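# Descriptive analysis of the structure
Here are the chains, one letter per residue:
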There are 2 protein chains.
Amino acid sequence: MDKLIFISNDDGYDAEGIKQLAEMVRSYGDVFIVAPDGGRSGASMSISSHTPVQNTFIKYEEGTETKGSLTVWACTGTPNDCTKMAFEKLLPRRPDLVLGGINHGENCAVNAHYSGTMSVALEGCIKHVPSIAFSSGRTAEDADFSYMREYVERIVEMVLKDGLPLEVCLNVNIPDVMPLKGIKICKMGLGDWHEEWQERDHPRGGKYYWIAGYYAPHDKDDEESDTWAYEHGYVAVTPLQLDMTAYEVMKDLELRVC
Amino acid sequence: MDKLIFISNDDGYDAEGIKQLAEMVRSYGDVFIVAPDGGRSGASMSISSHTPVQNTFIKYEEGTETKGSLTVWACTGTPNDCTKMAFEKLLPRRPDLVLGGINHGENCAVNAHYSGTMSVALEGCIKHVPSIAFSSGRTAEDADFSYMREYVERIVEMVLKDGLPLEVCLNVNIPDVMPLKGIKICKMGLGDWHEEWQERDHPRGGKYYWIAGYYAPHDKDDEESDTWAYEHGYVAVTPLQLDMTAYEVMKDLELRVC
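Residues numbered from 1 in each chain as written. Chains lettered and ligands numbered in written order. Predicted model: local features only at pLDDT ≥ 70, side-chain atom pairs only at ≥ 80, totals over all residues. Heavy atoms only, no water.

## What about the interface of chain A and chain B?
Cut-off, in case you're wondering: In what follows, a contact means two residues having at least one pair of non-hydrogen atoms within 4.5 Å. Summed over both partners, the accessible surface that disappears when two parts come together, traced with a 1.4 Å probe, is what is meant by buried area. Take a side-chain nitrogen of Lys or Arg and a carboxyl oxygen of Asp or Glu: if they are within 4 Å of each other, that pair is a salt bridge.
Facing 78 residues of chain A, the contacting portion of chain B comprises 78 residues. For the pair chain A and chain B, the two sides together bury roughly 7200 Å², of which 64% comes from carbon and sulfur. It is Trp197(A), Met244(A) and Val257(A) that lose the most area in chain A upon contact with chain B, and together they represent 11% of the buried surface on that side. Applying the counting rule to chain A against chain B returns ten salt bridges.

## Here we look at the relation of the copies chain A and chain B
Selection criterion: A residue counts toward the fit only if its pLDDT is at least 70 in both copies, and the copies are then superposed by least squares on the C-alpha atoms of those residues.
Superposing chain A onto chain B takes a rotation of 180° plus a shift of 0.0 Å along the axis, which leaves an RMSD of 0.0 Å. Seen this way, the second copy is the image of the first under a two-fold rotation axis. A shared binding surface is used by both copies, with 100% of the interface residues of chain A retained as interface residues in chain B.

## Digging into the pattern of salt bridges
Rules: Secondary structure elements follow DSSP: runs of H or I of four or more residues count as helices, runs of E of two or more count as strands, with numbering from the N terminus. Whether a residue is buried, partly exposed or exposed follows from its accessible area with a 1.4 Å probe, protein chains only, as a fraction of its type maximum: under 20%, in between, or over 50%, in that order.
Taken as a whole and assessed by the stated rule, the structure comprises 50 salt bridges over all chains. Residues Asp30(A) and Arg93(A) are paired through a salt bridge, measuring 3.8 Å at the closest nitrogen-oxygen approach. Taken together, the residues span a long stretch of sequence, with Asp30(A) in strand 2 (residues 29–36) and Arg93(A) in the loop between helix 2 (79–90) and strand 5 (97–104) at a distance of 63 residues. Relative accessible area serves as the criterion here: at 17%, Asp30(A) is assigned to the buried category. Looking at Arg93(A), the relative accessible area reads 23%, which means it is partly exposed. Residues Glu196(B) and Lys84(A) are paired through a salt bridge, measuring 2.4 Å at the closest nitrogen-oxygen approach. One end of the pair, Glu196(B), is in the loop between strand 9 (191–194) and strand 10 (197–201); the other, Lys84(A), is in helix 2, on a second chain. Note on accessibility: Glu196(B) and Lys84(A) belong to one class, buried.

## Topic: the packing of helix 4 (residues 149–162) of chain A against helix 6 (residues 250–257) of chain B
Rules: Simply put, an axis is a line fit to the C-alpha atoms, just over the touching stretch for a helix, and the angle between two N-to-C directions goes from 0 to 180 degrees. Should an angle fall under 35 degrees it is called roughly parallel, over 145 degrees roughly antiparallel, and 65 to 115 degrees roughly perpendicular, with every other angle called oblique. The hand of a helix crossing depends on one turn: near helix anticlockwise from the far one by less than a right angle means left-handed, and clockwise means right-handed.
Where helix 4 of chain A meets helix 6 of chain B, the closest approach of the two axes is 10 Å, and the angle between their N-to-C directions is 115°. In terms of axis orientation, helix 4 of chain A runs roughly perpendicular to helix 6 of chain B. When you trace helix 4 of chain A past helix 6 of chain B, the crossing you get is right-handed. Contacts between helix 4 of chain A and helix 6 of chain B pair Arg154(A), Ile155(A), Met158(A) and Asp162(A) from the former with Leu253(B), Arg256(B) and Val257(B) from the latter.

## Side note on the side chain of Asp81(A)
To be explicit about the condition: Positive: Lys, Arg. Negative: Asp, Glu. His and the chain ends are not part of the count.
One can find Asp81(A) in helix 2. There is no salt bridge for the buried Asp81(A), and the closest opposite charge comes from Arg40(A), which lies 7.0 Å off by N-O distance. Not counting residues within four places of it along the chain, the set of residues in contact with Asp81(A) comprises Ser46(A), Ile47(A), Ser48(A), Val53(A), Trp197(B) and Ile211(B).

## So, the packing of aromatic side chains
All names here are of chain B. Operational definition: Aromatic rings from Phe, Tyr and Trp, taking only the six-membered ring of Trp, are treated as a pair when their centres fall within 6.5 Å; an angle between ring planes under 30 degrees marks them as stacked, one over 60 as edge-to-face, and anything in between as tilted. Only Lys NZ and Arg CZ are tested; either one counts as a charge over a ring when it is within 6 Å of the ring centre and within 35 degrees of the ring normal.
The final tally for this structure, using the stated rule, is eight aromatic pairs over all chains. Taken together, a centroid distance of 5.5 Å and an interplanar angle of 70° make the contact between Phe-57 and Trp-73 edge-to-face. Remark: Trp-73 occurs in strand 4 (residues 70–75) and Phe-57 occurs in strand 3 (residues 55–61); sequence separation between them is 16 residues. Classification of Phe-57 as partly exposed rests on a relative accessible area of 44%. Seen in terms of ring centroids, Trp-193 and Tyr-215 are 5.9 Å apart; in terms of plane orientation they differ by 55°. Their pairing is tilted. Here Tyr-215 lies in strand 12 (residues 214–217) and Trp-193 lies in strand 9, a separation of 22 residues in the sequence. Given a relative accessible area of 24%, Trp-193 falls into the partly exposed group. Between Lys-127 and the ring centre of Phe-87, over which it is positioned, the NZ or CZ distance is 5.8 Å. A cation over a ring is seen here: Arg-138 above Tyr-147, with NZ or CZ 4.1 Å from the ring centre.

## So, empty space enclosed by the protein
Residue and element names in this part refer to chain B. We apply this condition: Buried and open spaces are told apart on a 1 Å grid over the protein atoms alone, a cavity being a set of points where a 1.4 Å probe fits but cannot get out and a pocket being an open set with protein on both sides within 12 Å along at least five of seven lines. Residues with an atom within 4 Å of a point are the lining residues. Grid points are joined across faces, edges and corners, and a volume is the space filled by probe spheres set on the points.
Inspection of the entire model under this criterion finds one cavity of 30 Å³ or more. Empty space within the largest cavity amounts to approximately 100 Å³. Counting residues per element, the lining of the largest cavity draws most heavily on helix 3 (residues 116–126), which supplies three residues.

## Considering unusual backbone geometry
Of note, the bond from Met178(A) into Pro179(A) is cis; its omega dihedral lies within 30 degrees of zero at -5°. Within the element layout of this structure, Pro179(A) appears in the loop between strand 7 (168–174) and strand 8 (183–185). Its identity is not glycine, yet Ser44(A) carries a phi of approximately 50°, on the positive side. Of note, Ser44(A) is situated in the loop between strand 2 and strand 3 (55–61). Positive phi is not limited to glycine here, since Ala109(B) has a value of about 60°. Note that Ala109(B) resides in the loop between strand 5 (97–104) and helix 3. For Ala109(B), a relative accessible area of 0% corresponds to the buried category.

## Observations concerning the packing of helix 1 (residues 16–25) of chain B against helix 4 (residues 149–162) of chain B
All names here are of chain B. We apply this condition: Gly falls in the polar group here, along with every residue not listed as nonpolar (Ala, Val, Leu, Ile, Met, Phe, Trp, Tyr, Cys, Pro) or charged (Asp, Glu, Lys, Arg).
With their axes 10 Å apart at the nearest point, helix 1 and helix 4 run at an angle of 60° to one another. By the angle class used here, helix 1 and helix 4 are oblique. Relative to helix 4, helix 1 is oriented so that their crossing is right-handed. Across the interface between the two elements, Leu-21, Glu-23, Met-24 and Val-25 from helix 1 touch Arg-149, Val-152, Glu-153 and Val-156 from helix 4. Tallied by class, the residues present in the contact of helix 1 with helix 4 amount to five nonpolar, no polar and three charged.

## Comments concerning the sheet that holds strand 3 of chain B
Through backbone hydrogen bonds, the strands of a sheet pair up, either in parallel or in antiparallel fashion. Operational definition: A strand pair is defined by DSSP finding two or more bridges across the two strands.
Within the open sheet, the nine strands sit side by side as 3-4-2-1-5-6-7-13-8 (chain B). Their pairing is mixed. In the strand order of this sheet, the two ends are held by strand 3 and strand 8 (183–185) of chain B, each with one partner. For this sheet, the mean inter-axis angle between neighbouring strands, taken without regard to orientation, is 20°. The pairing of strand 1 (residues 3–8) of chain B with strand 2 (residues 29–36) of chain B spans five bridges and is classified as parallel. Counterpart to Leu4(B) in the pairing with strand 2 of chain B is Asp30(B). On top of the sheet, helix 6 (residues 250–257) of chain A reaches strand 7 (168–174), strand 8 and strand 13 (235–241) of chain B; it is set at about 165° to strand 8 of chain B, its chief contact.

As structure tokens, this is what we get:
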């Protein structure tokens, strides 16, 4: 049986990133997309608990001798809704691989916590399917992601062949530089956002705010962080685990509060 | 200067959980709430990237000799928007403590990833303020959370006194049982959701779906997991770290893909 690859994203089913990623990986098997019907940046792992969700069939393209079929659905929910919907209601069988992206914009460091693209991989990971999120420094709506194809293929081939440890998925961030310097296995960088809100005057009085700001890493010079690798022209591959337990502080906490 | 305690949640500024938590901790200092203007369950760390956000001042109560002042704002955004808004636009000074909750419903195990309550603590943690999320097994809208007051106080006092390690916050889940058996320091449980969508017929044709389902732990019998502690009548305190790096797989990944 051919491999089945599920893809979602947070830029919408019609974004260049997801369309180009689908074409890059159709040589490995059938591709099945369930993605939001529009942009959902910053959706994190959110689910639509207060509104119901609907799905719209977009298209089906048959496979050929050299590439798998392509199925596309749009969903009114979040990226995580899309993944959950795909697994339970739309996918013809359990997928061999879950991909998020290609995101138009990077998701390095703690920004993985806010990322809808990353949520696709984390949810795939919860469901015990090898999962990867791809994000690019190219942010234009009509961006050409072919410059990163070689690396997408190398990472996808490795994961299809060897799998990934249970409860671990990959956060892959590829800067907008050529030539890329190769792959670097990284740890998640740490940092914070500043000047997070842009204020506007409401025409009928009062203020409203758009989220914005700039990210300031706390570990700019830490060569092991994904932020450093990304800033220095490497393909930053960060293995993330679902288990966020701070094991090292457990004993001390026990002494203090139990 | 009195301590300043910031609180948000995902059930809305007017929910019993946040109102009762505020009263429980006013004896430690001034309390400042910025919380959603309605329910935002399952919001995770999401931010409102596609819609602007507005704030509404709800009320101010002066402090007394025995308790701090109380300020309440409502915000149209997500729990994480509320926290970011508070830090940059609304809080009079940097808080000494960030609290999420009390959530009407538990957030054990990987469900912390979906939780808006947890996002408040995670965002506080990103901003390097000691942060705690409180969730209860009592889910009723008019729930009385006084049964857990002793434990809320004990944990808050410990954190106000000693702080928490940088990049680490607490996920506290308190079951709806009396008497509680005491505090247990736990690791994050692992598991997955099943039958996640309830299907309904749309009056004008087609289907729509509500997210639902049941959680099935993978580690039901693991006495170190928060799921086990919670199910067995303990106050489950799980220290969570921002850094999700799967350090143990880095070397192997490097050999396979670099």
